[in-house]
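In case you want the letters, here they are:
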Amino acid sequence: MTTGLHRIRIVGGGEFSCGEDERILLAMERCGSSDIGVGCRGGGCGICRVRVVGGDYTTGKMSVAKISETERAAGFALACRVFPVSDLLIEVG
């Protein structure tokens, strides 16, 4: 069951809904969107790299080879490892 449904907006792209217990990459796929690149879905390849420019979120484990601690502090994350806590605004690329 999806809890706390949030709106995820992509800068220059579309938007979709995502629950707090759902990773934003999987929610995007479920909604039929394709704004974020899809790779391994496991936090290791880096294809789904995004920057969260607005909103609160938590992340699962990500490869430090793809997202350094400095980048993480600046809002960069792998969409396959991002769980929204509020509505999010995301940059892709």
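What you see is a predicted model; the values in this text were computed from it and never measured. (Residues numbered from 1 in each chain as written. Predicted model: local features only at pLDDT ≥ 70, side-chain atom pairs only at ≥ 80, totals over all residues. Heavy atoms only, no water.)

Remarks on the environment of Y57
Heads up, the condition is: Helix and strand definitions follow DSSP, with helices as H or I runs of at least four residues and strands as E runs of at least two, each counted in order from the N terminus. In what follows, a contact means two residues having at least one pair of non-hydrogen atoms within 4.5 Å.
In this fold, Y57 is placed in strand β4 (residues 57-59). When the C-alpha positions of Y57 and I36 are compared, they lie 17 Å apart, and in sequence the two are 21 residues distant. Apart from residues lying up to four places away in sequence, Y57 is in contact with V52, R72, G75, V82, F83, P84, V85 and L88.

Observations concerning the pairing of strand β2 (residues 15-18)
The criterion, for reference: We call a residue buried when its accessible area falls under 20% of the maximum for its residue type, exposed when it is over 50%, and partly exposed in between, using a 1.4 Å probe and counting protein chains only. The pairing criterion is simple: DSSP has to find at least two bridges between the two strands.
Only one face of β2 is covered, namely the one carrying F16 and C18; the face carrying E15 and S17 has none of its residues buried. Alignment of strand β1 (residues 6-10) against β2, held across four bridges, turns out to be antiparallel. Its bridge partner lying in β2, H6 is registered against C18. Where β1 folds back onto β2 in an antiparallel hairpin, the turn is made up of four residues, including G12, whose phi is positive at roughly 75°.

With respect to the pattern of salt bridges
Put simply, the rule is: Just to be clear on terms, a salt bridge is a Lys or Arg side-chain nitrogen sitting within 4 Å of an Asp or Glu carboxyl oxygen.
Applying the stated rule across the entire model yields five salt bridges. A salt bridge links E15 to R7, with the shortest nitrogen-to-oxygen separation between them at 3.8 Å. For E15, a relative accessible area of 47% translates into the label partly exposed. When its relative accessible area of 40% is taken as the criterion, R7 is described as partly exposed. Note that R30 and E22 form a salt bridge whose closest N and O atoms lie 3.0 Å from each other. Exposure remark for R30: the relative accessible area of 47% places this residue in the partly exposed category.

Concerning the nonpolar core
Where we set the bar: We define the nonpolar core as a collection of buried residues of types Ala, Val, Leu, Ile, Met, Phe, Trp, Tyr and Cys that are connected through side-chain atoms lying within 4.5 Å of one another.
Counting residues in each nonpolar core, the largest one holds 21 residues, and the members touching the most others are I24, I36 and I90. Only β1, β2, α1 (24-30), β3 (49-54), β5 (76-78) and β7 (88-92) provide two or more residues apiece to this core. It is α1 that contributes the most residues to this core, four residues altogether. The residues contacting I24, other than those within four sequence positions of it, are I8, F16, C18, A79, V82, P84, L88 and I90.

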